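Notes for the structure review
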Amino acid sequence: MPGAGNSKAFAITSFLASASMLLEFIRQVSRLAKAITEPSNNSTAFFVLLVLISLFSLGACFYFAFFTFSFGKTSYDLKQLGALHFLPILWAGARVVYLIYEGESPVGNRQLALKYALLSVMLIYFYFYVSRILDVKKSERINEICSFILTGISLMYFIQSVIFIAEGKCELLDSNVILAASSLLICPFALVFKRDYISEKENGE
């Protein structure tokens, strides 16, 4: 990755993205522990999905942390990380599957509709993020557009979560609030990646 090793902004935003995945991991593990220790009628699919989300979020946490701790290197090739690039995609995909599994309709439910939109755009963003790293043609502009859409939806979802907390409709550690905070922390990474990776690579071509 040309120049990324010396990009302080990229290192900082990678740390924020790593922190967002850590928040997700802690929240999902706490939900899993509660489901195990308390009597419930949860199905096997419920536990499998929570385990997958937890594992993928932890993996993505270390994935983004790599960029932070490699700060100071003159350059490195992102392609060398291989299959690790798919960890954020797998996390977002597992989140979407779990949302569908819950079976609630977003019709007439603004928060749930935003949640569907947020996770769907997150999944699409990470897909084109990896595509851009692997030099797939025509993926760079879609990646750029997705970074702005993701930021906009994340802001809306976060603001709505704050309003719900203020109105007493949900708690601070509610899973939707954690998701709102996590998605917002990923946005600076999405925007800086676009600038530091795409722009510098284009200039070097």
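Structure first, text after, so check above.
Residues numbered from 1 in each chain as written. Predicted model: local features only at pLDDT ≥ 70, side-chain atom pairs only at ≥ 80, totals over all residues. Heavy atoms only, no water.

What to know about the overall build of the protein chain
This is how the line gets drawn: For the purposes of this entry, the term helix denotes a DSSP run of H or I that reaches at least four residues, the term strand denotes a run of E that reaches at least two, and both are numbered from the N terminus. Relative accessibility under 20% of the residue-type maximum defines a buried residue, over 50% an exposed one, and the middle range a partly exposed one, all with a 1.4 Å probe and only protein chains included. Contact between two residues is taken to exist if any of their heavy atoms lie within 4.5 Å; hydrogens are not considered.
On a plain count of helices and strands, the protein chain comes out with six helices and zero strands. Moving toward the C terminus, one meets the helices and strands of the protein chain in the order α-α-α-α-α-α. Within the protein chain, the proportion of its 205 residues that are buried is 47%. Restricting the contact set of the protein chain to residue pairs at least 6 apart, pairs at least 24 apart contribute 77%.

Things to note about the layout of surface pockets
Using the following cut-off: Lining residues are those with an atom within 4 Å of a point, where the points come from a 1 Å grid over the protein atoms alone and group into cavities, where a 1.4 Å probe fits but cannot get out, or pockets, open sets with protein on both sides within 12 Å along at least five of seven lines. Grid points are joined across faces, edges and corners, and a volume is the space filled by probe spheres set on the points. Gly counts as polar in this scheme, as do all residues outside two lists: the nonpolar Ala, Val, Leu, Ile, Met, Phe, Trp, Tyr, Cys and Pro, and the charged Asp, Glu, Lys and Arg.
Of the pockets and cavities examined, the largest pocket occupies roughly 210 Å³. Lining the largest pocket we find R27, S30, R31, K34, A35, E38, P39, S40, N42 and F46. The element contributing the most residues to the lining of the largest pocket is helix α1 (residues 8-37), with five residues. Split into classes, the residues belonging to the lining of the largest pocket amount to three nonpolar, three polar and four charged.

Considerations on the environment of T37
We count it as follows: Here a polar contact means two N or O atoms within 3.5 Å. Within protein one must be a hydrogen donor candidate and the other an acceptor candidate, and residues neighboring in sequence count only if both atoms are side-chain atoms.
Summarising the element assignment, T37 is placed in helix α1. Exposure remark for T37: the relative accessible area of 63% places this residue in the exposed category. Within the structure, T37 has its side chain in polar contact with the backbone oxygen of A33 (distance 2.9 Å). Engagement of the side chain of T37 in a polar contact is seen with the backbone oxygen of K34, the distance being 3.4 Å.

A short note on the packing of helix α2 (residues 44-69) against helix α3 (residues 87-102)
We apply this condition: Angles run from 0 to 180 degrees between N-to-C directions of axes, and those axes are lines fitted to C-alpha atoms, restricted for helices to the stretch in contact. For this classification, under 35 degrees means roughly parallel, over 145 means roughly antiparallel, 65 to 115 means roughly perpendicular, and everything else is oblique. Crossing handedness follows the turn of the near helix against the far one: under a right angle anticlockwise gives a left-handed crossing, and clockwise gives a right-handed one.
Interaxial distance between α2 and α3 falls to 8 Å at its minimum, and their mutual angle equals 155 degrees. As summarised for this structure, α2 and α3 are arranged roughly antiparallel, according to the angle between their axes. By crossing handedness, the relation of α2 to α3 is classed as left-handed. Packed against α2, whose contacting residues are A45, F46, L49, L50, I53, F56, S57, G59, A60, Y63 and F64, the element α3 presents L87, P88, L90, W91, A94, R95, V97, Y98 and Y101 at the interface. Split by residue class, the contact of α2 with α3 holds 17 nonpolar, two polar and one charged.

Focus: the pattern of salt bridges
Just so we agree on the cut-off: Each salt bridge in this description consists of a side-chain nitrogen of Lys or Arg and a carboxyl oxygen of Asp or Glu lying within 4 Å of one another.
On inspection of all chains with the given rule, the structure shows two salt bridges. Two residues, E144 and R141, come together in a salt bridge whose shortest N-O distance is 2.8 Å. Taken as a pair, E144 and R141 lie in helix α5 (residues 139-166) at a separation of three residues, close to a single helical turn.

Details of the side chain of E24
Take E24: it is sitting in helix α1. Relative accessible area serves as the criterion here: at 0%, E24 is assigned to the buried category. Setting aside anything within four residues of it in sequence, one finds E24 in contact with I53, S57, W91, R95, I178, L179 and S182.

Details of the packing of aromatic side chains
This is how the line gets drawn: The pairing test for Phe, Tyr and Trp rings, Trp by its six-membered ring, is centres within 6.5 Å, and the orientation test on the planes gives stacked under 30 degrees, edge-to-face over 60, and tilted for anything in between.
Overall, the coordinates contain 18 aromatic pairs when judged by the stated rule. Aromatic pair F66 and F67: ring centres 5.7 Å apart, planes at 65 degrees, arrangement edge-to-face. Where Y129 meets F189, the ring centres are 5.8 Å apart and the plane angle is 65 degrees; that geometry is what we call edge-to-face. Here Y129, found in helix α4 (residues 110-133), pairs with F189, found in helix α6 (residues 175-204); they are 60 residues apart in sequence, far enough to count as distant.

Here we look at α5
Condition: What a helix is expected to span follows from its residue count: subtract one and scale by 1.5 Å.
If you check α5, its first and last C-alpha atoms are 40 Å apart, about what 28 residues at 1.5 Å a residue would give, namely 40 Å. Within α5, burial applies to S139, N143, C146, S147, L150, T151, I153, S154, Y157, Q160, S161 and F164.

Description of the nonpolar core
Condition: Throughout, nonpolar core names a set of buried Ala, Val, Leu, Ile, Met, Phe, Trp, Tyr and Cys residues whose side chains join them through atoms within 4.5 Å.
Within the largest apolar cluster, 47 residues are counted, with the highest numbers of intra-cluster contacts made by F64, W91, Y125, F126, Y129, L150 and F189. Among the secondary structure elements, those contributing two or more residues to this core are α1, α2, α3, α4, α5 and α6. Tallying contributions element by element places α4 first for this core, with 11 residues. Other than its neighbours up to four places away in sequence, F126 contacts F64, P88, I89, W91, A92 and I186.

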